[in-house]
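Listed below, chain by chain, are the residues.
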Amino acid sequence: MKDFEYTDRLCQITQPTLICSGTRDICTPVVAASLYEHIPNSQWHLFRHARHMCFVDAHEAYCKVLNSWLNHFD
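Now for a look at the structure at hand.

Conventions used here
Residues numbered from 1 in each chain as written. Predicted model: local features only at pLDDT ≥ 70, side-chain atom pairs only at ≥ 80, totals over all residues. Heavy atoms only, no water. Salt bridge = Lys/Arg side-chain N within 4 Å of Asp/Glu carboxyl O. Buried < 20%, exposed > 50% of the residue type's maximum accessible area, 1.4 Å probe, protein only. Core = buried A, V, L, I, M, F, W, Y, C linked by side-chain atoms within 4.5 Å. Helix = DSSP H or I, 4+ residues; strand = E, 2+ residues; numbered from the N terminus. Contact = heavy atoms within 4.5 Å. Pairing = 2+ DSSP bridges. Right-handed = clockwise from strand over helix to strand, strands pointing away.

1. As for the pattern of salt bridges
Part 1: Summed over all chains, the structure comprises one salt bridge.
Part 2: Salt-bridge contacts for arginine 51 lead to aspartate 57; the nearest nitrogen and oxygen are separated by 2.7 Å.
Part 3: Owing to a relative accessible area of 30%, aspartate 57 belongs among the partly exposed residues under this scheme.

2. Observations concerning the nonpolar core
Part 1: Membership of the largest hydrophobic core is limited to eight residues, which are Leu18, Phe47, Ala50, Cys54, Ala58, Tyr62, Val65 and Trp69.
Part 2: The element contributing the most residues to this core is helix H3 (residues 59-71), with three residues.
Part 3: In this structure, tryptophan 69 is in contact with Pro16, Thr17, Leu18 and Gln43, ignoring residues within four places of it in sequence.

3. Considerations on the pairing of strand S2 (residues 42-47)
Part 1: As paired strands, strand S1 (residues 17-22) and S2 are joined by six bridges and run parallel to one another. For leucine 18, the partnering residue across the bridge sits in S2 and is glutamine 43.
Part 2: Crossover connection from S1 via helix H1 (residues 29-38) to parallel S2: handedness right-handed.

Put into structure tokens, the structure is as follows:
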């Protein structure tokens, strides 16, 4: 997938989008920033000291961010 180019299609996403990544993610914050910049109505949260599965590495912080984001749409 590393050679799959999708950036030009990200603007077609119409649903609110939460982008989560970790500072220790192999998929660097540069990739997450690109998603954030190209997806309308997106929000990005970078978890310190977390890897790709930030919901495991920073579980409590992840749940707090996710709940806050979901409550925004109630």
